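Residues per chain are reported as follows:
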Amino acid sequence: MSKRAYNFCAGPAALPTEVLERARDELLDWQGKGLSVMEMSHRSDEYVAIAEKAEQDLRDLLSIPSNYKVLFLQGGASQQFAEIPLNLLPEDGVADYVETGIWSKKAIEEARRFGNVNVVASASQYDYFAIPGQNEWNLTPGAAYLHYASNETIGGLEFDWVPEAGDVPLVVDMSSDILSRPIDVSRFGLIYAGAQKNIGPSGLVVVIVREDLLGRARSICPTMLNYKIAADNGSMYNTPATYSWYLSGLVFQWLKDQGGVEAMEKRNRAKKDLLYKAIDASEFYTNPIQPSARSWMNVPFRLADEKLDKAFLVGAEARGLLNLKGHRSVGGMRASIYNALGLDAVEALVAYMAEFEKEHG
Ligand SMILES: Cc1ncc(COP(=O)(O)O)c(C=O)c1O
């Protein structure tokens, strides 16, 4: 078998090798049926069983209560930026948003197209190096919902706490940290996550929504964006992204085999601790984020001299350490260390960083 590189891409991100191997083995002939999952009718008994098992495994992994629907939709997380206000924000209502970086900003901009948005707090006051505490938030009494992004994939800023929303439904963009550690789903009205980090292939978005929030869509809400219609049709109002859904199911099975999100938490903690420790111990690499708000999944860092960035990336690639270039809006480096990457990947990265520092520091 050809050697697999360590892929630190922020998304589409590394998938577990075992998952890809199983998909390869089943590609032409799924379990003796003589056809690929890609070629199955989404209404067939076989495919419905694949889809239902994926949902059940996700429910098991996150202990999703029975009064929540799990939807497998299309359009990525970005489509949710519009879908959420179209479904949950009445014309005369107010939606509260917390702004902690590029993704929450995009959600805010999109929601403004549909109604009144109140930005309750912004991490801009801390140059995006820290998250304002909830005592600093200017919440709207009776807001339609409160939205935040639990992990800002680009800035590397992550909540290590869940906001207190009272009776207001809490809506969270969990695209880049879902399944990285246990969560209490009952704290949320709606959780959404683009698949291409910790779930599966891009294009798919998973929405976990409390049942009482269904049926509130505005009359202008397109049929395809209406959560209730999606829920009533088992996410098959139209032809779903069948293969992506199947692959996500293989990832959920893999996660269960690994010991679930509790095991992931342990492994992810070890990974991020090792990497931040290496950064903090060096005079050459820096990450400016306040320690309690540092992302477990996306670790941005800078070299002491940005003129060395290119050499760093070339050397990394030669060692099979791929996609370490930071987002174009931030520069520097970023190591995305999602579930599919083991501690060995971070050990290889840290060893290379030390070697590079010795040579150029
Ligand atoms: C936190 C977050 N939200 C939203 C998105 C947008 O996802 P998509 O490209 O699936 O629309 C991303 C993509 O990287 C993300 O990291």
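Quick caveat, the model's predicted, so the values are computed rather than measured. Positions within a chain are numbered from 1, following the residues in the order the chain's sequence is written. For a predicted model such as this one, the threshold for reporting local features is a pLDDT of at least 70, and the threshold for listing and counting side-chain atom pairs is 80 or more; totals across whole chains, interfaces and linings nevertheless cover every residue. Excluding hydrogens and water, the side-chain figures rest on all heavy atoms present in the structure.

Another point: the UniProt feature "binding site: pyridoxal 5'-phosphate" (unreviewed entry) in the protein. The positions UniProt marks with the feature "binding site: pyridoxal 5'-phosphate" (unreviewed entry) are Ala77, Ser78, Trp103, Thr153, Asp173, Gln196, Asn238 and Thr239. An extended arrangement is adopted by the annotated residues: their sequence extent is 163 residues, and the largest C-alpha distance between any two is 30.5 Å. Helix and strand definitions follow DSSP, with helices as H or I runs of at least four residues and strands as E runs of at least two, each counted in order from the N terminus. Among the structural elements, Thr153 can be located in the loop between β6 (151–152) and β7 (157–158). Exposure categories follow from relative accessible area, calculated using a 1.4 Å probe and restricted to protein chains: below 20% of the type maximum is buried, above 50% is exposed, and the middle band is partly exposed. The class for Thr153 is buried, based on a relative accessible area of 5%. Working rule for contacts: check all heavy atoms of both residues, and any pair within 4.5 Å makes them a contact. Apart from residues no more than four positions distant in its own chain, Thr153 is found in contact with Ala10, Trp103, Ser176, Lys197, Asn298, Arg334 and Tyr338. Looking at the element boundaries, Thr239 is found in the loop between α5 (227–232) and α6 (242–258). The residues touching Thr239, leaving out its near neighbours within four places in the chain, are His42 and Gln74. UniProt positions are given in the numbering used here, feature names are shortened, and annotations may be inferred rather than shown by experiment.

Next up on the list: the site of the ligand. All residues in the neighbourhood of the ligand are listed as Gly76, Ala77, Ser78, Phe81, Trp103, Asn151, Thr153, Asp173, Ser175, Gln196 and Lys197. The definition of a polar contact used here is a pair of N or O atoms within 3.5 Å, where within protein one atom must be able to donate a hydrogen and the other to accept one, and adjacent residues in sequence count solely through side-chain atom pairs. Ser78 places a side-chain nitrogen or oxygen 2.6 Å from an oxygen atom of the ligand. Using the Shrake-Rupley algorithm and a 1.4 Å probe, accessible areas are obtained, with residue cover drawn only from the displayed protein chains. Starting from 390 Å² of accessible surface for the ligand in isolation, the protein chains cover 86%. The dominant element in the shell around the ligand, judged by the number of residues it contributes, is helix α3 (residues 76–88), at 4 residues. Amino acid classes used here: Ala, Val, Leu, Ile, Met, Phe, Trp, Tyr, Cys and Pro are nonpolar; Asp, Glu, Lys and Arg are charged; the rest, including Gly, are polar. A breakdown of the residues in the shell around the ligand according to their chemical character gives 3 nonpolar, 6 polar and 2 charged. Throughout, near means a residue has at least one heavy atom within 4 Å of the molecule or strand.

Turning to helix α9 (residues 343–360), a few remarks are in order. One less than the number of residues in a helix, times 1.5 Å, gives the span that helix is expected to have. If you check α9, its first and last C-alpha atoms are 26 Å apart, about what 18 residues at 1.5 Å a residue would give, namely 26 Å. What α9 keeps buried is the set Ala345, Val346, Leu349, Val350, Tyr352, Met353 and Phe356. Down the axis of α9, the smallest arc covering the buried residues is 165 degrees, so these residues share one side. In α9, the exposed positions angled more than 90 degrees off the buried face are occupied by Lys358 and Glu359. When we speak of the arc, we mean the arc of directions from the helix axis to the C-beta atoms.

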